[in-house]
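These are the residues of each chain, in order.
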Amino acid sequence: MIRQSILLFLTTLLLAGTVSAQSKFSTKSFQLTINGTSNVHDWSSKATNVVVTGDFGLNNTSLEKINAASVKVKTTSLKSTKDSDLMDGRTHSTLKADKYPEITYVFTKVLSVQQSGAETIMNITGNLTLGGVTKPTDLTLRIKTLPGGDLEVKGTRKILMSNHGIKPPSFMLGAMKVGDEVTLTYDVILKKA
């Protein structure tokens, strides 16, 4: 009887481990774009140095919870999609890159989880630090498990620069004024670390 109880207990532990496993993930590939407007033309910059790490709770292959996660973007890695050194310099200056070399997002909690077919839609909150100012920021993550076990995380978020103490720049003696609102678009593939 004791032997059967021990076997049942061990079997339960093994099954629980496969159903709800903790897994650490890191960046495999990324696309992170910031789009903005001005009174003259729209503009866009892409990040070329992004590090994402996470510790997730998986139920079989579906993401069920986030234990910890962070994103670090090297501020000077933001490059204009028009390949403009002038635009890059102004972007880095506006974001105070010399004083604050990283833009960071640190996860704090899950607000809601919803399953939509093969996709998990997770609303989370965390702390976004931009130009040295940290503000709580909610994100909606659209997460899929890819063949081979990688996770794809996608989403968009509108951000007001002024919320982080950043004054939208103007150029040409004020003839060109950049809009306060920017749209962050991300598509990250995470691999098991």
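Placed above this text is the structure.
Residues numbered from 1 in each chain as written. Predicted model: local features only at pLDDT ≥ 70, side-chain atom pairs only at ≥ 80, totals over all residues. Heavy atoms only, no water.

A.B. asks: Help me understand the overall build of the protein in this model?
C.D. replies: Looking only at helices and strands, the protein features two helices and 11 strands. Each helix and strand of the protein, ordered N terminal to C terminal, gives the series α-β-β-β-β-β-α-β-β-β-β-β-β. Counting only residues that meet the buried cut, the protein has 39% of its 193 residues in that class. Nonlocal contacts in the protein, meaning residues at least 24 apart in sequence, comprise 57% of its contacts between residues at least 6 apart. Surface exposure of the protein reaches about 11,300 Å², of which carbon and sulfur atoms provide 57%. (Helix = DSSP H or I, 4+ residues; strand = E, 2+ residues; numbered from the N terminus. Buried < 20%, exposed > 50% of the residue type's maximum accessible area, 1.4 Å probe, protein only. Contact = heavy atoms within 4.5 Å. Areas by Shrake-Rupley, 256 points an atom, 1.4 Å probe, with all protein chains shown as cover.)

A.B. asks: Looking at this structure, how should I read the pattern of salt bridges?
C.D. replies: Pairing is possible between side chains of opposite charge, provided their charged atoms come close. Overall, the coordinates contain three salt bridges when judged by the stated rule. With a closest N to O distance of 3.8 Å, D55 and K24 form a salt bridge. Of this pair, D55 sits in strand 3 (residues 50-59) while K24 is found in strand 1 (residues 20-38), placing the two residues 31 residues apart along the sequence. When its relative accessible area of 18% is taken as the criterion, D55 is described as buried. E119 is paired through a salt bridge with R142; the nearest N and O atoms lie 2.9 Å apart. (Salt bridge = Lys/Arg side-chain N within 4 Å of Asp/Glu carboxyl O.)

A.B. asks: Can you help me understand empty space enclosed by the protein in this one?
C.D. replies: One water molecule sets the probe size; rolling that probe over the atoms shows where empty space is left. Summed over the entire model, instances satisfying the criterion amount to one cavity of 30 Å³ or more. Its boundaries defined by the atoms lining it, the largest cavity holds a volume of some 750 Å³. For the largest cavity, the lining is made up of 42 residues, of which L32, V73, I103, L128 and L184 are closest to its centre. Of the residues belonging to the lining of the largest cavity, the class tally is 34 nonpolar, seven polar and one charged. (1 Å grid on protein atoms, 1.4 Å probe; cavity = no way out; pocket = protein on both sides within 12 Å on 5 of 7 lines; lining within 4 Å. Points joined across faces, edges and corners; volume = space filled by probe spheres on them. Nonpolar A, V, L, I, M, F, W, Y, C, P; charged D, E, K, R; others polar.)

So yeah, pure geometry; function would need other evidence.
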